[in-house]
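Observations on the model geometry
Residues per chain, in single letters:
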Amino acid sequence: MIRLTDIGEFELIKRFSKQFMKNLPEGITGIGDDCAIIYLNEKETLLFTTDMLIEDRHFLLNKITPNDLGKKSLAVNLSDIAAMGGKPHSAYLSIGIPSKMKVEWIDLFFTGIKDLCLQTGTYLLGGDTTKSPDRLVINIGVIGTIDPLKIKKRSTAIPGDIICINDVVGDSGGGLKILLDEKPLDRYSSYLVKRHNCPRAQIDEGKWLAQKEEINAMIDVSDGIESDIHRIMESSGVGAEIEINKVPLSEELSNISERYNWNVQEIGLSGGEDYCLMFTVPENYIDRITIEYFQEFNRPLYNIGKITNNPGNLTFTMDGGNIEFNKHGFDHFKSRNEKI
Ligand code: ADP
Ligand code: MG
């Protein structure tokens, strides 16, 4: 008997997905990237993605407002559209609601969804509503569109490329720790909790990056850099080297980590739910794109490492030497990394 806890989420997906990846009609790319890709015509390609959030697994009802939960449920899907450079079109929301829920709570949840729909130009076009035995279950599917020539994939990283991210990491992981450890809320800890409960999908940044031909591969960081760089490595058949000192961390996370003696680099690398974008570009283009990105968004890009031609091998360096870093990002079945 094979236990789910032995193989983990990613092995499980690999195990069943192969049979569905073969013999697809031309123009369709299925399982394996942030979104499925369905070619329509020379101008337009459809992107489709879906993500599920389960009470007590992905959120605790008493630790998040209904408005934030509505926004977060949609944002995590919009982030997958952003990861390929797409523009969101419409969302489809299925929800399993236990009888304990108050209708006013559900109203506020939908207000959150509506606010983010309005902000991002996404239309809620359908879904399904059902009773759930005792936990709230939310699943959203999102359709996006993109010019077929602009799509960014996980599978196209090239050895020698620089690995970049477009935001600090670890805030959300830190916020989750604040909630789970029931730490007091002050200016810093509240900021981290907000980053955890209300992530922003980087749609405009994704669309902008997709216009840059030089960018070879892109993914959104949902499970943590350490885990998501593996997705790029596996899809592209490459290795990677990450310089731990270059991984950007917020002042808020550094402050709180010092206070509670947390390993801030570990949270930064594998906290998960950052929803920033990680992409790879040839070395000779990095300075130019960093300047152009700053001109456009008034924020920096962070160069955190390099793609190598050592397939499957991820190394971490610190102060010029290799170091061991065994933590893995959030894998939903393996028990070593229990989170909500
Ligand atoms: P993401 O974190 O971007 O949502 P994942 O790494 O979780 O992506 O998933 C990897 C790939 O596996 C995606 O292409 C996703 O659509 C696919 N996938 C995951 N679970 C299933 C499933 N139950 N059935 C079909 N495809 C799945
Ligand atoms: Mg993703």
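Residues numbered from 1 in each chain as written. Chains lettered and ligands numbered in written order. Predicted model: local features only at pLDDT ≥ 70, side-chain atom pairs only at ≥ 80, totals over all residues. Heavy atoms only, no water.

**Quick notes on the coordination of the magnesium ion (ligand 2)**
The protein atoms donating to the magnesium ion (ligand 2) are Asp34 (OD), Asp80 (OD) and Asp220 (OD), with metal-donor distances spanning 2.0 to 2.1 Å. In the primary structure, the donors to the magnesium ion (ligand 2) are separated according to the pattern D-x45-D-x139-D. One end of the pair, Asp80, is in helix α2 (residues 66–83); the other, Asp220, is in strand β8 (residues 217–220), and 140 residues separate them in sequence. Note on accessibility: Asp80 and Asp220 belong to one class, buried. (Donors = N, O, S within 2.8 Å, 3.2 Å for Na, K, Ca; no water. Helix = DSSP H or I, 4+ residues; strand = E, 2+ residues; numbered from the N terminus. Buried < 20%, exposed > 50% of the residue type's maximum accessible area, 1.4 Å probe, protein only.)

**As for the pattern of salt bridges**
Pairs can form between side chains of opposite charge whenever their charged atoms are close. For the structure shown, the criterion picks out 20 salt bridges. The closest approach of N and O atoms between Arg288 and Glu214, which form a salt bridge, is 3.6 Å. You can see Arg288 sitting in helix α10 (residues 286–297) and its partner Glu214 sitting in the loop between α6 (203–210) and β8, a full 74 residues away along the chain. Two residues, Lys246 and Glu243, come together in a salt bridge whose shortest N-O distance is 3.5 Å. What makes Lys246 partly exposed here is its relative accessible area of 34%. By relative accessible area, which is 33% here, Glu243 ends up partly exposed. (Salt bridge = Lys/Arg side-chain N within 4 Å of Asp/Glu carboxyl O.)

**Notes on the packing of aromatic side chains**
Here the structure, examined in full by the defined rule, presents 6 aromatic pairs. Note on Trp208 and Tyr293: the rings are 5.5 Å apart at their centroids and 75° apart in plane angle, and the pair reads as edge-to-face. Of this pair, Trp208 sits in helix α6 while Tyr293 sits in helix α10, and the two are 85 residues apart along the sequence. When the ring of Tyr293 is compared with that of Phe297, the centres are 4.8 Å apart and the planes differ by 40°; the resulting orientation is tilted. Taken together, the positions of Tyr293 and Phe297, both in helix α10 and 4 residues apart, correspond to about one turn of that helix. Here the two residues Tyr293 and Phe297 agree in accessibility, since each one is buried. Among the aromatic residues, those joined into a cluster by ring pairs are Trp105, Phe109 and Phe110. Here Arg187 stacks its cationic end above the ring of Tyr188, 4.6 Å away from the centre of that ring. Lying across the ring of Trp208, Lys212 places its NZ or CZ 4.5 Å from the centre. (Phe/Tyr/Trp six-rings, centres within 6.5 Å; stacked < 30°, edge-to-face > 60°. Lys NZ or Arg CZ within 6 Å of the ring centre and 35° of its normal.)

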